[in-house]
Each structure stands twice: as structure tokens, then as C-alpha cells.
Amino acid sequence: MATSFSNSGEDVIRKSVNASQLELADSGSIRETFDVAETVQWINSNAFEKVALQFPDELMSFSVDIVQLLTKETSSAIVILADTSYGSCCVDEVAAEHYAVDAVVHYGPACLSPIRRLPVFYVFGRQSLDVNHCVGQLKPLLDVKTPTIVLYNVIYHHCMNLVKSELFKDFPNILVPVLDLPEYQSNLSSLCQNSNVSSTSRQSFTRFGRRFQLFEQTEINDYLIVFIGREGLLQNACMMTFNRCNFMTYDPESKKCKSDAWNTNKQLMRRYYMIEKAKDAERVGILIGTLGVKDYLAILDRLSSVIRSAGKKCYKFVVGKLNVAKLANFSDIDVFVLVACPENSLIDSSEMFQPVVTPFEMELACNSSREWTGDYEVDFRQLLPGGLSYRKITPDHKARMDVSLVTGKVRQLGIDEDEKSPAVRRADSLAVVESRTELVVHGSAADFLSSRSWSGLDPQLGRTPVVKAVEGMKGTATSYNSEPAS
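Summary of the structure given here. All values derive from a computational prediction rather than experimental measurement.

## A few points about the packing of helix α3 (residues 36-46) against helix α4 (residues 63-73)
Running from amino to carboxyl end, α3 crosses α4 at an angle of 45°, the nearest separation of the two axes being 10 Å. When the axis of α3 is compared with that of α4, the two are oblique. The handedness of the crossing between α3 and α4 comes out as right-handed. From α3, V36, T39, V40 and N44 reach across to α4, where they touch L69, L70 and E73. Here the contact of α3 with α4 is built from residues that sort into four nonpolar, two polar and one charged.

And the structure:
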């Protein structure tokens, strides 16, 4: 019998991978599609002794051929990484360090989040795109007077220069952000240079691993954004971040173009509901969804501070990839906040028993210096000092009373100054009174524990005799050595 918490494992065996595979004729096509020559040059020029190749599920079928080509042309030991610890778009530094590698080659779609330790070489692959059809669909929808930004999934990077050139003939106000890649891959970044924008433009910023340089005297909200790629995590993150812009998508697989303004408004309303749930919460679980993205430790410290300043309890969890069964084990938690890369921060938690919010939403719920304006941020690094969305943490010295828009009940936001005394900081203290666990000082976590029908084993302090260690049973749980053979 299968439930939400356990199953027979049949779903893993029958799992189908979305194999929008590249059709390659021979090994020559593999060399070109997966930039084998450039990869070999990078490995040999840096004299790496051991290199990890990280593949997403849909490209695993090419891994053996690529390893054989790299082994012939380099002296490096090659290992393959699959089933990543978190999202496949992120460089899995944790798994790579288990093999003590010197560098990582990341294949397929990538979030381009800055990492902390290992050098990485990105190989996006070359997914086919009908450039003529794409340009033909977009041209009737563009306006020569409206500045336009073209975003895309990196698997189409190889042909974006051609798309830009075709559009630029009729629309000189087209911009294609440059990928923010390491210096040793500058030749790949330079494929889509914007010659119509001054390199000294002050209107510049970085989002989603892309460097935006806007026209002078324009703001990002003045632009129409065109996204080329199928619907997915990156598209949703871009729509939420640039929610004040008109947004249009072209799907190369279905070859359809559509406007997504209504969908963005619906998403914003759903996320505001999550913020209200975070305000109602008393116990917050911080889910560590990355161990490689730069500054993840800084955002963990900041979240802990802002949650405690709002009078809430917080606990940290490292659970790897999220699912319903894992989070259901922590029924004490009212809401989870996920620290992950920008593409994996927005998840649909409708099937989970507790809502999962982003760091930005948690700050809106707890930091009184941040107010809901409709602007949205999925990149947690922008919430840190120096980020575009940074706000100083302003603790409430006087608790504010508010009405929850979810439950309709009165709730307390913040914490009174006099509640910070040592006596009250022990709000989750418990004591054993007459062999029972009793609540000494009422507080969030302790009050919840005392209300449960089962609150742990009876310690029986002072009534358990002290004995020396004795040898236990041997064997396996199904058949110990001391048991008769069945």
C-alpha cells in the first residue's frame, strides 16, 4: 500500500526522463555539440589531474562517448556525477569533493550561480532552434519604440547571435544580456555583445547569471521582455523578478508565442498568500537547498537573525532534494524557508503539509523595514549587504498587533523589549517534575511540545539503576545469533 509518506519504490523503477534528446549522427557531432575541443584545452592548460563531469538526466546517454573522447586527449582521470544533491542546474560541489576532483565540467542547462571552491567549465549543449520561425513569430509582436530584452535558456546560446542579428534589422532597441561566465570562457560570453549600448552605461546589473546593460535614461520596467525557451523554472523566476514588465514567451518545441501577464499576476497573489502564512508561523524551518552557491552561509545567518527578531523560533535542516515525505517528518514546523539558487527557490508546495517560502518572503514577514510593493526577488544574494534589494534588519522593540488575512485571528508581530530578559529567553525550558515532563516557562516550541499527546520517553530520573556495559545481541535484525533458526 502506497501513501504520501511511503511507497513501494515502483515509481523510481518506472520513472520516465524527459528525453528531449539531441539527435547526433556521429562522434563528430558530439565533439561540436558538447565543445569537446574547448574542454580538452581547458583541462590540459590547467593540468588538472582529476575532473568530474556533471550531467543532467536527459544527457546521461552521451556521457560514455564524451568520457572516451576526453580520456584520449587528456591525461586527467575522469569521473561522472549524476543524481545531483540538489538541482541539476547547480554545480554539485559536494559530490565533486567526495571524489577529490580538481575541477568540474557542467553539462546542460545551468543557473550560473557563483560557486565557492572549485573551478567550473560550462558546456550548455546545442538544442535546435528554428531561427526563421522564431523571428517570424516575434516580429509582429514587437514595437520599434519599445526597448526589448531577449532572455533565453542557455541551451539555445549557440544561435542567439543570429536571432539578435535578424531582429536588430527592424528593431535597433533590442538587447540580449551577456552571460556572466568565468574569464576563461569569455569567448562564449562575447557571442551576444550589445554594440548599441555604451559599455560605461550606469544602468547595469546582474541577474540569473546574465549581465544587463540598459539604454541611457531607461529603467527595467520600461522594457518588453521576450523569453525564448520552454516553460520551466527559469521562466517563472524571470517573470516574478521582472513582474512590472510586459512579458512574452516563445517555446521552440511547440513553436508558439504567448503573453504571460495574467499568469504573473496570479503568481504574485499566490506568493502574497505565502507571506501571510509566514507571518502567522511561530516555528520556522530553514531548508538548506544548496551547499555550493556563494554566500549561502551569510543568508543563513541573516535569516536566523530576522526570524528571531520577529519573536519566532527557527531551526535548520539539510534534507537534499525536497519531497512531501521528508518535510512531513517535521510536523512541529509551521513554515519552511528554502535557501537555494534563484531557479530552484520558487517551488510549488501545494502538496506539502507546510508552506515553503523564499528568503525574500520570509524577510517581508519578519523585517519591519521591508514592505510589500509588488517587487519580488528570487536571488537571496540580493538581500545581503551590497545587494540591490538589501534592507537593514529593524527589530520591533514593541510588539505590534495585526490581523491575519488567512485565519482572521489577531496575531503578534515582533517582540517586546522587556521580553528579552534572561528569564524570558528561556521560553522553551522544560523540567522533570514527579517523573513527568512539565512546561516551566511558556513559549513557542515548549508550548507546542507540552500540548502533544506523546512528548518523548519517560526519563525516570533517579529510578534507573546504574549498570556496567554488557555485550548485546549479534547478527541482523531479521535473525540474531541467539535466536533459533527458523
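## Section: the pairing of strand β4 (residues 120-123)
Residues V120 and Y122 of β4 are buried on one face, and the alternating residues F121 and V123, pointing to the opposite face, are buried as well. For strand β3 (residues 103-107) and β4, the ladder comprises four bridges, and the chain directions are parallel. Directly across from V105, in β4, lies its bridge partner F121.

## Some points on empty space enclosed by the protein
All chains considered together, the criterion is met by three cavities of 30 Å³ or more. Looking at the largest cavity, its volume works out to about 80 Å³. In terms of lining residues, the largest cavity is bounded by 14 residues, among which Y86, C90, V91, D92 and E93 are the most central. Looking at the lining of the largest cavity, its residues break down into five nonpolar, seven polar and two charged. Each pocket or cavity is described by its volume, and for the second largest cavity that value is around 50 Å³. Across the lining of the second largest cavity, the residue classes break down as eight nonpolar, three polar and no charged.

## A closer look at the state of the cysteines
Here a disulfide denotes one covalent bond, and it connects the sulfur atoms of two cysteines. Counted by the stated rule, this structure contains zero disulfides. C90 supplies the cysteine sulfur nearest to C111, a cysteine that is in no disulfide, at a spacing of 3.7 Å. The closest cysteine sulfur to the non-disulfide-bonded C159 is located on C134, 8.2 Å from its own sulfur.

## Looking at α4
Those residues of α4 not exposed but buried are S63, I66, V67, L69 and L70. Along α4, the residues classed as buried sweep out an arc of 165° about the axis, all on the same side.

## Some remarks on the pairing of strand β8 (residues 204-207)
A one-sided burial pattern is seen for β8, the buried positions being F205 and R207 and the unburied ones S204 and T206. Bridge analysis of β8 against strand β9 (residues 210-213) gives four bridges, and the strand direction is antiparallel. Note that in β9 the partner of T206 across the bridge is R211. In textbook terms, the turn of a hairpin is the stretch between consecutive antiparallel strands, and for β8 and β9 this stretch comprises two residues, one of which, F208, has a positive phi near 55°.

Rules used throughout
Note that residues are indexed from 1 along each chain, following the sequence as it is written. Restriction of local features to residues with pLDDT of at least 70 applies here, the model being predicted, together with a cutoff of 80 or more for giving and counting side-chain atom pairs; totals for whole chains, interfaces and linings are based on all residues. Heavy atoms from the whole structure form the basis of all side-chain values; hydrogens and water molecules are not counted. For helices, the fitted axis covers only the stretch in contact; all axes are lines through C-alpha atoms, and the angles between them, taken along N-to-C directions, range from 0 to 180 degrees. In DSSP terms, a helix is any run of H or I states spanning at least four residues, a strand is any run of E spanning at least two, and both are numbered starting from the N terminus. Note on angle classes: values under 35 degrees are labelled roughly parallel, values over 145 roughly antiparallel, values of 65 to 115 roughly perpendicular, and the remainder oblique. Less than a right angle of anticlockwise turn of the near helix away from the far helix marks a crossing as left-handed, whereas a clockwise turn marks it as right-handed. We call two residues contacting when some pair of their heavy atoms lies within 4.5 Å. Residue polarity follows a fixed list, in which Ala, Val, Leu, Ile, Met, Phe, Trp, Tyr, Cys and Pro are nonpolar, Asp, Glu, Lys and Arg are charged, and the others, Gly among them, are polar. Whether a residue is buried, partly exposed or exposed follows from its accessible area with a 1.4 Å probe, protein chains only, as a fraction of its type maximum: under 20%, in between, or over 50%, in that order. Here, any two strands with at least 2 DSSP bridges between them count as paired. In the cavity and pocket records, a cavity denotes points on a 1 Å grid over the protein atoms alone where a 1.4 Å probe fits but cannot get out, a pocket denotes an open set with protein on both sides within 12 Å along at least 5 of 7 lines, and lining residues are residues with an atom within 4 Å of a point. Grid points are joined across faces, edges and corners, and a volume is the space filled by probe spheres set on the points. In this description, the term disulfide denotes a pair of cysteine sulfurs within 2.5 Å. In this description, the arc belongs to the directions extending from the helix axis to the C-beta atoms.

Worth remembering: the numbers are spatial, not functional.
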